[in-house]
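Examining the three-dimensional arrangement
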Amino acid sequence: MRGVAARRDRGLRRRVGSPTGYTDPMPCHFARFAVAALLLLPNSVGAADDLLVLAARGDVQQARALLRAGARLDVRDADGWTALMLAANGGHREMVGLLRDAGADVNASAPNRWTALMLASFEGKAGIVADLIAASADIHARNDIGAPPVMIATFKGHQEIVRMLLISGADVNARKHDGGTALIWAAHDGHAAIVRDLIAAGADVNARNDLGESALSYATARNYPQIVAILRAASPRQGSARQ
C-alpha cells in the first residue's frame, strides 16, 4: 500500500508568496487518486492490509466479519493512517461507527498529526464529525502546523461543522504556528457566514498573525466588502467590551 503515500500532504503545505503562509491543508491534492487506487485493489490483498482496504471502500459487511475474526484495529498503512482515518476521509459513516464501536482509537494521529476528526472536518462530513465528537474525539488536537479541526473546517468553508465544533467547546481564538486564527483564515478566504459565526463565538477581531496581518487587512486586500463591513462593525463592540 505504499502508493497511498500520495494521499496526503504533510499537514498544511507552505506556499511561497502566500499571504497566509499556507495553502490547502488537505492531506494532499492527490487524495482521491490514491484512495481510488485502494478501491481498485483485489478483494484479497493480505491479512495485514485487509481492514485498511475495506475501510477505504466502506465495505462494512466484510469489515465486520474481519473484526469478528480478530483483525487488529491499530494496524496502519505505510503512511501511518488507521482504518478509522481512511473511513473518515472517505465519508463512510457506517464504517466509522463500526470501527468506533469495536474500540478504534478516535484520537489516533498520523505522523503529520492529522486525526480522523480533522479529516472529516476537511471533507465536510458533518455526520461523521458529530459521531466522532460524541465518541470523545479531541476537538483541541493540532496538526503539524498547529491547526485544530475548527480551523480546518473554516479553511474549507464548512459552516455546519464550524458551528458544531464551536458548540462543542472548540477554542475560537486558537492560533496555528504562524499566529493565524480561524477568523483570519475565514476573512482571507471570503467565508462571510463563518466570519459572523466566529465573531458571535467570541473571536478576536483585532488578532494579528506573525506577518502582522489581521482579518480586516486580508478582507480589505482581497476585496471582500461584506466581510470588511462585518469586521468593522464588530471591532468597536469588542473595544467597548474590553474597557
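Preceding block: the structure.
Below: a short report on this structure. (Residues numbered from 1 in each chain as written. Predicted model: local features only at pLDDT ≥ 70, side-chain atom pairs only at ≥ 80, totals over all residues. Heavy atoms only, no water.)

**Observations concerning the overall build of the protein chain**
So the rule is basically this: Strands are runs of DSSP state E lasting at least 2 residues, helices are runs of H or I lasting at least 4, and numbering of each runs from the N terminus. Each residue's exposure class comes from its accessible area (1.4 Å probe, protein chains only) as a fraction of the maximum for that residue type: buried when under 20%, exposed when over 50%, partly exposed otherwise. Throughout, a residue-residue contact means that at least one pair of heavy atoms, one from each residue, lies within 4.5 Å. Areas reported as accessible are Shrake-Rupley estimates using a 1.4 Å probe. Residue values count occlusion only from the protein chains shown.
From N to C terminus, the protein chain includes 13 helices and 0 strands. Ordered by position from the N terminus, the helices and strands of the protein chain form the series α-α-α-α-α-α-α-α-α-α-α-α-α. In the protein chain, which comprises 243 residues, the proportion classed as buried is 51%. Within the protein chain, contacts between residues at least 6 apart in sequence are counted, and of these 67% link residues at least 24 apart. When the accessible area of the protein chain is evaluated, it comes to approximately 10,700 Å², of which 50% is carbon and sulfur surface.

**A look at the nonpolar core**
When a protein is soluble and globular, its nonpolar side chains tend to lie buried together. This is how the line gets drawn: Here, the term nonpolar core denotes a set of buried Ala, Val, Leu, Ile, Met, Phe, Trp, Tyr and Cys residues that are joined through side-chain atoms within 4.5 Å.
In this structure, Leu 99, Leu 132, Leu 165, Leu 183, Leu 198 and Leu 231 are the most contacted members of the largest nonpolar core, which totals 74 residues. If near-sequence neighbours (up to four positions away) are discounted, Leu 132 is found in contact with Leu 84, Val 96, Val 106, Ala 116, Leu 117, Ala 120 and Ala 137.

**Section: the packing of aromatic side chains**
To describe a pair of aromatic rings, one takes the distance between the centres and the angle between the planes. Spelled out, the test is: Under the pairing criterion, centres of Phe, Tyr and Trp rings, with the six-membered ring standing for Trp, must be within 6.5 Å; the plane angle then separates stacked pairs below 30 degrees from edge-to-face pairs above 60, leaving the rest tilted. In our convention, an over-ring charge means Lys NZ or Arg CZ found within 6 Å of a ring centre and within 35 degrees of that ring's normal.
For the structure shown, the criterion picks out 2 aromatic pairs. With a centroid separation of 6.3 Å and an interplanar angle of 75 degrees, the aromatic rings of Trp 114 and Phe 122 are classed as edge-to-face. With 4.9 Å between their ring centres and 65 degrees between their planes, Phe 155 and Trp 185 make a pair best called edge-to-face. Pair noted here: Phe 155 is in helix H8 (residues 149–156) and Trp 185 is in helix H10 (residues 182–189), with a separation of 30 residues, a long-range link. When sorted by exposure, Phe 155 lands in the same class as Trp 185, which is buried. Seen from the ring of Trp 185, Lys 176 lies directly overhead, with NZ or CZ sitting 4.8 Å from the centre.

**A closer look at unusual backbone geometry**
With a phi close to 70 degrees, Arg 113 is a non-glycine residue in the positive phi region. With a relative accessible area of 44%, Arg 113 lands in the partly exposed category. Positive phi, normally seen in glycine, also occurs at Ser 136, with a value near 70 degrees. Looking at the element boundaries, Ser 136 is found in the loop between helix H7 (126–134) and H8. Of the residues examined, Ser 136 reaches a relative accessible area of 54% and is grouped as exposed.

**Points about the packing of helix H6 (residues 116–123) against H7**
Selection criterion: For helices, the axis comes from a line fit to the C-alpha atoms of the stretch in contact; other axes are also lines fit to C-alpha atoms, and the angle between any two N-to-C directions lies between 0 and 180 degrees. The cut-offs work like this: below 35 degrees is roughly parallel, past 145 is roughly antiparallel, 65 to 115 is roughly perpendicular, and the gaps in between are oblique. For a crossing to be left-handed, the near helix must be turned anticlockwise from the far one by less than a right angle; the clockwise case is right-handed. All residues other than Ala, Val, Leu, Ile, Met, Phe, Trp, Tyr, Cys, Pro, Asp, Glu, Lys and Arg, Gly among them, are scored as polar; the first ten of these are nonpolar and the last four charged.
Viewed as axis vectors pointing N to C, H6 and H7 meet at an angle of 155 degrees, and their least axial separation amounts to 8 Å. With respect to H7, the element H6 is oriented roughly antiparallel. Regarding H6 and H7, the two cross each other, and that crossing is left-handed. Facing H6, whose interface residues are Ala 116, Leu 117, Ala 120 and Ser 121, H7 presents Ile 128, Val 129, Leu 132 and Ile 133. Looking at the contact of H6 with H7, its residues break down into 7 nonpolar, 1 polar and no charged.

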